[in-house]
Every structure is written in structure tokens, then in C-alpha cells.
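Next come the chains, spelled out residue by residue.
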Amino acid sequence: ALYGRVERPECIACGLCQMLAPDLFDYDQAGIAYYKPDRNTGTKALDDQATIHFRLAYKRCPTHSIKRSDHPFDAEPYTPT
Ligand code: F3S
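Residues numbered from 1 in each chain as written. Predicted model: local features only at pLDDT ≥ 70, side-chain atom pairs only at ≥ 80, totals over all residues. Heavy atoms only, no water.

Caption draft 1: Representation of the nonpolar core within the structure. Counting residues in each nonpolar core, the largest one holds 16 residues, and the members touching the most others are Leu24, Phe25, Leu46, Phe54 and Ile66. For this core, the secondary structure elements donating two or more residues are strand E3 (33–35) and helix H2 (48–60). Those residues within four positions of Leu24 in sequence are excluded, and the remaining contacts are Tyr34, Tyr35, Lys36, Pro37, Leu46, Ala50, His53 and Phe54. (Core = buried A, V, L, I, M, F, W, Y, C linked by side-chain atoms within 4.5 Å. Buried < 20%, exposed > 50% of the residue type's maximum accessible area, 1.4 Å probe, protein only. Helix = DSSP H or I, 4+ residues; strand = E, 2+ residues; numbered from the N terminus. Contact = heavy atoms within 4.5 Å.)

Caption draft 2: Layout of H2. Over its 13 residues, H2 runs 19 Å from end to end, which matches the ideal 18 Å to within 8%, given 1.5 Å per residue. On its buried side, H2 packs onto strand E1 (3–6), helix H1 (16–20), strand E2 (25–27), E3 and strand E4 (66–69). The backbone nitrogen of Gln49 lies 3.3 Å from a side-chain oxygen of the residue at the head of H2, namely Asp47. (Expected span 1.5 Å × (residues − 1). Polar contact = N/O pair within 3.5 Å; in protein donor to acceptor, adjacent residues only side chain to side chain.)

Caption draft 3: Just the environment of Phe54, in detail. Relative to the elements of secondary structure, Phe54 occurs in helix H2. In the structure, Phe54 is positioned 51 residues away from Tyr3 in sequence and 9.6 Å away in space, judged by C-alpha atoms. Discounting chain neighbours no more than four positions away, the residues touching Phe54 are Leu2, Gly4, Leu24, Phe25, Tyr35, Leu46, Ile66, Lys67 and Arg68.

Caption draft 4: Spatial organisation of the side chain of Arg8. Relative to the helices and strands, Arg8 resides in the loop between E1 and H1. Within polar-contact distance, the side chain of Arg8 engages the backbone oxygen of Ile32 at 3.2 Å. A polar contact of 3.0 Å, which involves the side chain of Arg8, links it to the backbone oxygen of Ala33.

Caption draft 5: Summary view of the site of the ligand. The environment of the ligand is formed by Cys11, Ile12, Ala13, Cys14, Gly15, Leu16, Cys17, Ala33, Cys61, Thr63, Ser65 and Ile66. The residue makeup of the shell around the ligand, split by class, is nine nonpolar, three polar and no charged. (Near = heavy atom within 4 Å. Nonpolar A, V, L, I, M, F, W, Y, C, P; charged D, E, K, R; others polar.)

Caption draft 6: Summary view of the packing of aromatic side chains. In the structure shown here, the tally under the stated rule is four aromatic pairs. Ring geometry for Phe25 versus Tyr35: centroids 5.9 Å apart, planes at 65 degrees, classification edge-to-face. Pair noted here: Phe25 is in strand E2 and Tyr35 is in strand E3, with a separation of ten residues, a long-range link. For the residue pair Phe25 and Tyr35, the accessibility class agrees, reading buried in each case. (Phe/Tyr/Trp six-rings, centres within 6.5 Å; stacked < 30°, edge-to-face > 60°.)

Pasting the structure below:
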């Protein structure tokens, strides 16, 4: 399974991920992105359709702030405010 989230301190609010995968990414009030399906905890596995969109955003993020893992994330999730 594939899990994703945004390493929010590295995000520069460029907006690309939300344009490429609006079902997966959104912004907080400061414009910093978070992973929508699990509020950026990185604990909910992507299904096949979502994985296609996730990969697009993952590859294009200019600061490589979008992280992926084969296992659920368990560190500080930087949830949006
Ligand atoms: Fe931030 Fe990268 Fe998205 S900089 S807004 S996580 S494309």
C-alpha cells in the first residue's frame, strides 16, 4: 500500500499539488498544503485511482515536500490549523 502526506515546514505554498490532484491536496489559511484524505497524518492508504493523481503531484512538487511511504507514517504529522 502507498501512504502520503505533506512535510508542511518544507512547503512553499506554490499550489501545484492542489491543481494536479484536487481530490488529495488542499491548503490551510496560510496557503500551506496538506494531504486531505486523512488530514495529513499519512495513515490512510491510497487506492489505485488516487495513486495516479498522487504520483503526479509527488513528482512535480518543487520543494519535494510531498512524502510517500509503503507504511503508515508515525512521526509528527503537521496537521493543518
Ligand atoms: Fe507545497 Fe509542493 Fe504543494 S510546495 S503547495 S506541497 S506542490
